[in-house]
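# Understanding the architecture of this molecule
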Amino acid sequence: MACCPDFAFNEYLQLGLETGIIELLLFSLWIGFTLYYGVRYKQTGATGAIIALLFFAMYSYPLHFPAFWVLLVFFSAMCVSSPVKQQDSYSSGFSHIGTFAALTACVLFFGQRHYYASYKEWKTLKNLIQKNDYKTAAEGYQVLYPQLSHRTEFLLEGAKCFKQNKEYANAIIWSRKALQQTADPEFYYIMAECQQHLGLHKQAEKNLLHCLCILPGKIETCYQLAKLYSDTTFYQPDKLKSAAYSVLSKRPAIPTGNTQSMKEEIQNLLQQTK
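These numbers come from a predicted model, not from an experiment.

### Looking at the nonpolar core
Tyr 141, Phe 154 and Trp 174 are the most contacted members of the largest nonpolar core, which totals 24 residues. Elements supplying a minimum of two residues to this core: helix H6 (115-130), helix H7 (134-148), helix H8 (152-164), helix H9 (168-178) and helix H10 (185-197). Among residues more than four places away in sequence, those in contact with Tyr 141 are Trp 122, Leu 125, Lys 126, Ile 129, Phe 154, Glu 157, Gly 158 and Trp 174. Within the second largest apolar cluster, 21 residues are counted, among which are Leu 225, Tyr 229, Ala 243 and Met 262.

What follows is the structure, given as structure tokens:
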């Protein structure tokens with residue numbers, strides 16, 4: 001249902017690919033340690049809850065939501081807590097887990113409290129874009145970049161803003177940054193259009209062809225290629241006809257008015273180039 005999903009629908013696969021094998025092994029050791037003591041201390045409910053969450057994570061992405069991390073930490077603390085006081089050396093360190101978790105939560109809270117002001121300012125910048133005040137908005141996006149560059153939505157809005165403000169170099173830089181986190185074709189379109197304005201037609205073609213390899217059925221990509229090949233400084237009639245044929249022949253699963261307008265524009269483009 002999603003042409004370009006943001007998640008792998010398997011937390012272990014995504015964790016290993018995005019953070020590395022070492023982090024995946026550390027996470028596995030943590031879970032193994034928790035389940036071992038959960039069984040040992042007969043914490044059946046907490047152990048079963050963690051196992052259920054682990055199965056859930058095999059086919060979805062629950063750990064991308066903070067609430068599931070809170071549950072995982074909570075059930076982990078239950079698993080390593082003995083219901084009966086013991087005098088062995090294993091239980092001596094578990095009494096400090098609650099204190100450690102509380103201190104960690106405080107550190108995380110104070111470390112990210114400044115993000116509230118950044119998100120509030122981001123909302124203001126969205127209002128500026130709606131008013132077509134791209135110059136002021138572009139300056140604001142530059143200021144918020146260090147705090148919000150991890151959000152692809154922020155990078156997409158900023159790249160579009162720079163493109164509208166004819167700051168093509170910045171739009172390309174922001175799009176490349178975003179493509180390290182996502183494969184959203186919209187960033188390829190922004191890069192290609194900006195590179196076309198800068199006269200970098202070969203690079204624009206390369207990016208669009210790469211996007212076409214990722215999503216072969218995307219009509220918008222063929223549409224962008226057709227417009228690129230029709231440029232007078234990069235006119236290639238054979239490639240133009242091939243890209244135009246792809247636009248006119250493809251049938252999207254859900255037809256929209258935007259798709260129909262692209263087809264009509266390509267038809268007019270072909271008539272003008274005859």
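### Comments concerning the pattern of salt bridges
In the structure shown here, the tally under the stated rule is four salt bridges. Close ionic contact of Lys 126 with Glu 157 constitutes a salt bridge, the shortest N to O distance being 3.8 Å. One end of the pair, Lys 126, is in helix H6; the other, Glu 157, is in helix H8, with 31 residues separating them in the sequence. The class of Lys 126 is partly exposed, set by a relative accessible area of 33%.

### Quick word on the packing of aromatic side chains
Under the definition given, this model contains 19 aromatic pairs. Judged by centre distance (6.2 Å) and plane angle (75°), the rings of Phe 27 and Trp 69 are edge-to-face. Here the residue Phe 27 occupies a position in helix H2 (residues 21-40), and Trp 69 occupies one in helix H4 (residues 66-79), the gap between them amounting to 42 residues. The exposure class assigned to Phe 27 is buried, which follows from its relative accessible area of 9%. On the basis of an interplanar angle of 65° and a centroid distance of 5.8 Å, the ring pair of Phe 56 and Phe 68 is categorised as edge-to-face. Placement of Phe 56 in helix H3 (residues 44-59) and of Phe 68 in helix H4 is noted, with a sequence separation of twelve residues between them. By relative accessible area, Phe 56 is classed as partly exposed at 39%. Counting every residue linked through ring pairs, the aromatic cluster contains Tyr 119, Trp 122, Tyr 141, Tyr 145, Phe 154, Phe 162 and Trp 174. The ring of Trp 122 is capped by Lys 126, whose NZ or CZ atom sits 4.5 Å from the centre of that ring.

### Brief notes about the environment of His 150
Tracing the backbone through its elements, the reader meets His 150 in the loop between H7 and H8. In this structure His 150 comes out as partly exposed when scored by relative accessible area, which is 42%. When the C-alpha positions of His 150 and Gln 180 are compared, they lie 10.0 Å apart, and in sequence the two are 30 residues distant. In contact with His 150, not counting residues within four places along its chain, are Tyr 115, Tyr 119 and Gln 181. Of the polar contacts made by the side chain of His 150, one reaches the backbone oxygen of Gln 147; its length is 3.3 Å.

### Focus on the environment of Phe 65
Among the structural elements, Phe 65 can be located in the loop between H3 and H4. A relative accessible area of 42% places Phe 65 in the partly exposed class. Separated by 16 residues in sequence, Phe 65 and Ala 49 have C-alpha atoms that sit 17 Å apart.

### Description of the environment of Ala 105
With respect to the helices and strands, Ala 105 occurs in helix H5 (residues 97-112). Look at Ala 105 and you get partly exposed, because its relative accessible area is 44%. Between the C-alpha atom of Ala 105 and that of Glu 205, which follows or precedes it by 100 residues, the distance is 48 Å.

Procedures and definitions
- Residues numbered from 1 in each chain as written.
- Predicted model: local features only at pLDDT ≥ 70, side-chain atom pairs only at ≥ 80, totals over all residues.
- Heavy atoms only, no water.
- Core = buried A, V, L, I, M, F, W, Y, C linked by side-chain atoms within 4.5 Å.
- Buried < 20%, exposed > 50% of the residue type's maximum accessible area, 1.4 Å probe, protein only.
- Helix = DSSP H or I, 4+ residues; strand = E, 2+ residues; numbered from the N terminus.
- Contact = heavy atoms within 4.5 Å.
- Salt bridge = Lys/Arg side-chain N within 4 Å of Asp/Glu carboxyl O.
- Phe/Tyr/Trp six-rings, centres within 6.5 Å; stacked < 30°, edge-to-face > 60°.
- Lys NZ or Arg CZ within 6 Å of the ring centre and 35° of its normal.
- Polar contact = N/O pair within 3.5 Å; in protein donor to acceptor, adjacent residues only side chain to side chain.

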